[in-house]
Amino acid sequence: MQVNQPIEAVEFPRLDVFIPELIVLITAFVIFTLDLILSSPMKRRILPIITATGYSLSLATVILLNKLKGDTFYKSFTADHLGTVVKTFEILIALTVIVFAQKYYSSRNSFYGEFYYILSFTLAGAMILSSSYNLIVIYVALELVSIGFYILTALLRNSFISKEGAFKYLILGGLSVALASYGAVFMYIYAGSLDLREILSYKGEDQHYLILGLVLFLIGFAIKIGAVPFHFWLPDAYQGAPTPVTALMASVGKLAFFIPIVRIMPLLREEFSDVWIITVGIIAAITMIYGNMVALVQKDIKRLLAYSSIAHSGYILAGIAVTEVIGLKAVVYFLVVYTIMAAGSFFVIALLERMGNWKNLLQDLSGMRFNLPFLALSFMIYMFALLGVPPTVGFVGKTLVFMALSFDKLWWLAIVMIISTGISTGYYVRIVVLMYMKDKEKEFSLKGTNPLEIISLTFLTLLTVGLAVMPELILNLINSASESLFLR
Amino acid sequence: MKTIPVEAYFAVSTALFVLGLLGMIVRRNLVTVLMSLELALNAVNVAFVGADYHMGLVEGQIFALFIIALAAAEAAVGLGIIIAIFRYRLVDSTDEITDMRG
């Protein structure tokens, strides 16, 4: 935009592609207002229902309007198939978070009305982050998601570690945003534009600024997704946060933070692909190895799953290193199914944490099949999915990434992936052994489960198996999404 | 007339950014760490406005305005968390909030 350009009539933006985000934002503002005027017992009953209604409406519009494509708001917001796939899963997981949050917070005596509208703003931020190429919009949406997560992490009464995790997350998250926007400066001075498509297709004479900008941008996002040299905040934030929020961070957060990198990948020109493969490949390799090695020695279940989440960032980054359409397909599939596995496993822990004598230690799991057979079964399925055992989505995701790596002849990365999966067997199988082959040490009983919680958990477990047995349910959408990104 | 080259703006902003980064690593006081974070974000603003002046565009300044607004929001949340930590345990140093390890 030139400074002295005469301004013509402002064009009215296309709103039809923005309806799902708009609904979530309106929901957030409605809850914000109701939270101020309602009495406390009313809030407990009404706020979750309104939030869930808003999200369901938004989910319906995402699915109904899935054919719509195009830019709006002067190219700062782009609706496409990738956005549709990602948003469907983001809203779905957020809906289940509401179900599990209600009883969890009341068992911890920390019901806050704030939870519902900050959750909604976070979801809106994640949805906008999933469908934008403009650096300003990416920055604002990134901050919207991150600030929401800082607050949600700290919202737990009588828990010091939740504040500690929130502070560490805030400092590292702020640093990551600063690095990413510093990268944006260099991309801006290279191309004179803030649109990622224009920046990466611009052919300037001095490409140092572009490379510096891309590297800083990538480091910023690597902090957010917990890739290894920059992962220090992640286990603390995941352990400290209330468990439904941990589920949200591991699923919706990870999905949203990955999408800008996923969108950059098809836009890269040939001459950068070597640099990209080396940088992303090395980060992916050390992330996989380190995450799985450290998870082996953990004693706290939430912390163990946090390190497993780091390791999965590595698997997904390995797919991103392949700058071909097959890599993009594998990455998008793995990303969306990882949200189900991660959210489901943290939801099981959220249910278990409601029991009085539960300490979140690994020994507490021993003999779980006697006390809580249903939870033990679903937790076992999630563990097998995270490990990558055949009839689950984790297996299909890892196979797709492996096929992409072998297609691009990245054998070293494929071998690292196999070795680290082998290492991860150590802790996933140990959990299953504890639950199914050990005698019980303590008596646990889960009282007052909401039927909705059981239904949601069953649904997620069925998805974990179903999307692997019938991957064409989402693979067709993912194929068309990936191919349309590469056509540009 | 001799104008200031764009590299000069970048030198100032890099210096500010490194100062902020060092402050985050070296300093122990919680509020000082937060201030260092703000310094790093403001370094980005200097770079954006300098780049804009160099190229004669305005989009970078729009970005800088957004950074100012959102950095303030982040500082508000950060101060809130620091107050929550302080009310819970009366500590204000990063060495004393290390309950979680491993």
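To be clear, the structure that these remarks concern was listed above.
The model shown is predicted, which means the values in this text are computed figures rather than measured ones.

> So what's going on with the packing of aromatic side chains? Residues and values would help.
For the structure shown, the criterion picks out 27 aromatic pairs over all chains. Within the aromatic cluster, the residues linked to one another by ring pairs are Tyr104, Tyr105, Phe111, Phe115 and Tyr116 of chain A. The ring of tyrosine 133 of chain A carries the charged tip of arginine 263 of chain A above its face, separated from the ring centre by 5.1 Å. Its guanidinium or amino end placed over the ring of phenylalanine 160 of chain A, arginine 89 of chain B lies 3.7 Å from that ring's centre, counting from NZ or CZ.

> Now, about unusual backbone geometry: what can you tell me, with residues and values included?
Residues and elements named next belong to chain A. Phi at lysine 75 is positive, roughly 65°, even though this residue is not glycine. Structurally, lysine 75 is set in the loop between β1 (70–72) and β2 (77–79). Positive phi is not limited to glycine here, since asparagine 360 has a value of about 70°. Mapped onto the elements of the fold, asparagine 360 is located in the loop between α13 (325–352) and α14 (368–371). What makes asparagine 360 buried here is its relative accessible area of 10%.

> Outline the interface of chain A and chain B, supporting the account with residue identities and numerical values.
Each side of the interface is counted separately: chain A has 46 residues, and chain B has 49 residues. Roughly 4100 Å² is buried in total at the junction of chain A and chain B, and carbon and sulfur atoms are behind 77% of that figure. In this structure, the connection of chain A to chain B is made through 0 salt bridges. Taken together, the links from chain A to chain B amount to 6 residue pairs in polar contact (both at pLDDT 80 or more). Those elements giving two or more residues to the side of chain A that touches chain B turn out to be α5 (135–154), α6 (160–191), α9 (233–240) and α12 (301–320) of chain A. A per-element tally of the side of chain A that touches chain B places α6 of chain A first, with 22 residues. Taken together, the residues of the side of chain A that touches chain B sort by class into 29 nonpolar, 11 polar and 6 charged.

> Could you give me a rundown of the packing of helix α3 (residues 81–107) of chain A against helix α10 (residues 243–264) of chain A, with the residues and numbers involved?
Residues and elements named next belong to chain A. The contact between α3 and α10 brings their axes to 8 Å, and the two run at 165°. Between α3 and α10, the interaxial angle falls into the category roughly antiparallel. Of the two elements, α3 crosses α10, and the hand of that crossing is left-handed. Where α3 abuts α10, its residues Leu82, Gly83, Val86, Phe89, Glu90, Ile93, Ala94, Val97, Phe100, Ala101, Tyr104 and Tyr105 lie against Thr243, Pro244, Val245, Leu248, Ser251, Val252, Leu255, Ala256, Ile259, Val262 and Arg263. Per-class residue counts for the contact of α3 with α10 are 18 nonpolar, 3 polar and 2 charged.

> Mind laying out the packing of α3 of chain A against α13 of chain A, listing which residues take part and the relevant values?
A pair of packed helices is captured by two measures, namely the crossing angle of their axes and the spacing between those axes. All names here are of chain A. At a minimum axis separation of 11 Å, α3 and α13 run at an interaxial angle of 0°. Put simply, α3 runs roughly parallel to α13. Counted together, Leu82, Val85, Phe89, Ile93, Thr96, Val97, Phe100 and Tyr104 of α3 and Val332, Val336, Thr339, Ile340, Ala343, Phe347, Ala350 and Leu351 of α13 form the full contact between these two elements. Considered class by class, the residues forming the contact of α3 with α13 number 14 nonpolar, 2 polar and no charged.

Basis of the calculations
- Residues numbered from 1 in each chain as written.
- Chains lettered and ligands numbered in written order.
- Predicted model: local features only at pLDDT ≥ 70, side-chain atom pairs only at ≥ 80, totals over all residues.
- Heavy atoms only, no water.
- Phe/Tyr/Trp six-rings, centres within 6.5 Å; stacked < 30°, edge-to-face > 60°.
- Lys NZ or Arg CZ within 6 Å of the ring centre and 35° of its normal.
- Helix = DSSP H or I, 4+ residues; strand = E, 2+ residues; numbered from the N terminus.
- Buried < 20%, exposed > 50% of the residue type's maximum accessible area, 1.4 Å probe, protein only.
- Contact = heavy atoms within 4.5 Å.
- Buried area = accessible area lost by both parts, 1.4 Å probe.
- Salt bridge = Lys/Arg side-chain N within 4 Å of Asp/Glu carboxyl O.
- Polar contact = N/O pair within 3.5 Å; in protein donor to acceptor, adjacent residues only side chain to side chain.
- Nonpolar A, V, L, I, M, F, W, Y, C, P; charged D, E, K, R; others polar.
- Axes fitted to C-alpha atoms, helices over the stretch in contact; angles between N-to-C directions.
- Parallel < 35°, antiparallel > 145°, perpendicular 65-115°, else oblique.
- Left-handed = near helix turned anticlockwise from the far one by under 90°.

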